[in-house]
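Overview (structure and organization)
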Amino acid sequence: PCVAAIFLYPFSQVEARKRALGTQQPASAPEVWHMRQDVSNACGSVAIMHSVMNNLDRIGEGSSFLDSFREKTAGASSAERAALFAPAVRDIHDSHASSGQTDAPAPTADLDFHFVAYVEVRGRMYELDGNNDGPIDCGEVADGGLLRAVCDHVKAAYIAPFPDSHFSLITLGPERREDDE
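The following refers to the structure shown.

Scoring rules and cut-offs
- Residues numbered from 1 in each chain as written.
- Predicted model: local features only at pLDDT ≥ 70, side-chain atom pairs only at ≥ 80, totals over all residues.
- Heavy atoms only, no water.
- Disulfide = S-S within 2.5 Å.
- Buried < 20%, exposed > 50% of the residue type's maximum accessible area, 1.4 Å probe, protein only.
- Helix = DSSP H or I, 4+ residues; strand = E, 2+ residues; numbered from the N terminus.
- Pairing = 2+ DSSP bridges.
- Salt bridge = Lys/Arg side-chain N within 4 Å of Asp/Glu carboxyl O.

**Details of the state of the cysteines**
The tally for this structure, following the rule as stated, stands at 0 disulfides. Looking at the unpaired Cys-151, the closest cysteine sulfur is the one in Cys-2, lying at 8.2 Å.

The structure is reproduced here in structure tokens:
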């Protein structure tokens, strides 16, 4: 089963189309955990946080950082969550960015790809983008489940208008428990 999906798309191309079509207004959905992106090039980290924080009870517990962050940000606005998250992202980046096999881009590098997350909350699919002020309600999740809803949405909204572009989709599943076997 899929509890969240993270979608990568070519930012400038898609954002130009979104502006031409008009922006969607964020939904008033206090049950959906959302935060703004205040750190440059941290959209992947923000998408992971959107995916995890909206499914923490389904994917496992025991992360002192996540449990503490959820407690600190309960009832906080998207902007307040971003302000609390920014120092952690900077610390993690500074301590790990140079240890990988690939050279990390500068924090202010102009990258032309962007990550957003899709989650299901109370039977509805939400697109969570740190560039938005809140979640975008993408509609009901039908019998096919979240993965089918995400695939249908991204094909229509992102891929169909730009079939020659590059896209990627990553899914997050629930923690496997002994009684699931």
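Still more to cover.
**Notes on the pairing of strand 3 (residues 124-128)**
The buried fraction of strand 3 is high, at 4 of 5 residues. Across 5 bridges, the pairing between strand 2 (residues 113-121) and strand 3 is antiparallel. Residue Val-119 lies in a different strand from strand 3, and its bridge partner there is Tyr-126. Pairing between strand 3 and strand 4 (residues 136-140): 4 bridges, direction antiparallel. Looking at the pairing, Glu-127 lines up with Ile-136 of strand 4.

**Notes on the pattern of salt bridges**
Charged atoms that come close allow side chains of opposite charge to pair. Counting across every chain of the model gives 3 salt bridges. Asp-137 is the salt-bridge partner of Arg-124, the closest N and O atoms lying 2.9 Å from each other. Within this pair, whereas Arg-124 is found in strand 3, its partner Asp-137 is found in strand 4, the two being separated by 13 residues in sequence. Given a relative accessible area of 32%, Arg-124 falls into the partly exposed group. Among the ionic pairs, Arg-148 bridges to Asp-152, the shortest N-O distance being 3.1 Å. A residue pair is termed a helical-turn pair when its members lie 3 or 4 positions apart in one helix, as Arg-148 and Asp-152 do in helix 6 (residues 145-159) at 4 residues. Taking the relative accessible area as the measure of exposure, Arg-148 reaches 43% and is therefore partly exposed.

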